[in-house]
Amino acid sequence: MAQQLSVSERTLHRELSHEGTRFRDVLDGVRFERARTLLRESNAPLDTLAARIGLQSRQSFIRWFRQHTGTTPDRYRKGLHND
């Protein structure tokens, strides 16, 4: 990311710290919004969605999603269709 912004990793870290955040927080926020959109708009399998948001496997996606929402991606997806 730093390379794409044409800054050093240290500069990126320092600027994010100055803003009161970390790269991991920014990445998780982007991943979370993308995951919600994909779960809402796609019936693709979870391993496909995991790859699309930059996670290694279906299990890592499930674990990551549960940490951020308290529920699994499948339950989240099913809940969208119960409204």
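Our structure is the block above this text.
Residues numbered from 1 in each chain as written. Predicted model: local features only at pLDDT ≥ 70, side-chain atom pairs only at ≥ 80, totals over all residues. Heavy atoms only, no water.

Draft legend 1. Inspection of the overall build of the protein at higher detail. Broken down by element type, the protein carries 5 helices and 0 strands. Scaling as 2.2 N^0.38, a compact globule of 83 residues should have a C-alpha radius of gyration of about 12 Å, whereas the protein reaches 15 Å, well beyond that. Expressed along its principal axes, the backbone C-alpha trace of the protein runs to roughly 45 × 20 × 20 Å. In the protein, which comprises 83 residues, the proportion classed as buried is 30%. In the protein, the share of contacts with a sequence separation of at least 24, taken over all contacts with a separation of at least 6, comes to 37%. Total accessible area on the protein is roughly 6100 Å²; 47% of this is exposed by carbon and sulfur atoms. Each charge class in the protein can be summarised by its mean position, and for the 15 positive and 10 negative side chains these summaries are 6 Å apart. (Helix = DSSP H or I, 4+ residues; strand = E, 2+ residues; numbered from the N terminus. Rg over C-alpha atoms; globule rule 2.2 N^0.38 Å. Buried < 20%, exposed > 50% of the residue type's maximum accessible area, 1.4 Å probe, protein only. Contact = heavy atoms within 4.5 Å. Areas by Shrake-Rupley, 256 points an atom, 1.4 Å probe, with all protein chains shown as cover. Lys, Arg positive; Asp, Glu negative; His and termini not counted. Charge placed at Lys NZ, Arg CZ, Asp CG, Glu CD.)

Draft legend 2. Structural context of the packing of helix 2 (residues 23-41) against helix 4 (residues 58-69). For the pair helix 2 and helix 4, interaxial distance at closest approach is 11 Å and the crossing angle is 105 degrees. In terms of orientation, helix 2 lies roughly perpendicular with respect to helix 4. Contacts between helix 2 and helix 4 involve D28, R31, F32, A35 and L39 from the former and F61, W64, F65, H68 and T69 from the latter. When its residues are assigned to classes, the contact of helix 2 with helix 4 shows 6 nonpolar, 2 polar and 2 charged. (Axes fitted to C-alpha atoms, helices over the stretch in contact; angles between N-to-C directions. Parallel < 35°, antiparallel > 145°, perpendicular 65-115°, else oblique. Nonpolar A, V, L, I, M, F, W, Y, C, P; charged D, E, K, R; others polar.)

Draft legend 3. A look at the packing of aromatic side chains. Taken as a whole and assessed by the stated rule, the structure comprises 3 aromatic pairs. Here a set of aromatic residues connected by ring pairs shows up, and it is made of F32, F61, F65 and Y76. (Phe/Tyr/Trp six-rings, centres within 6.5 Å; stacked < 30°, edge-to-face > 60°.)

These figures come from the coordinates and say nothing about function on their own.
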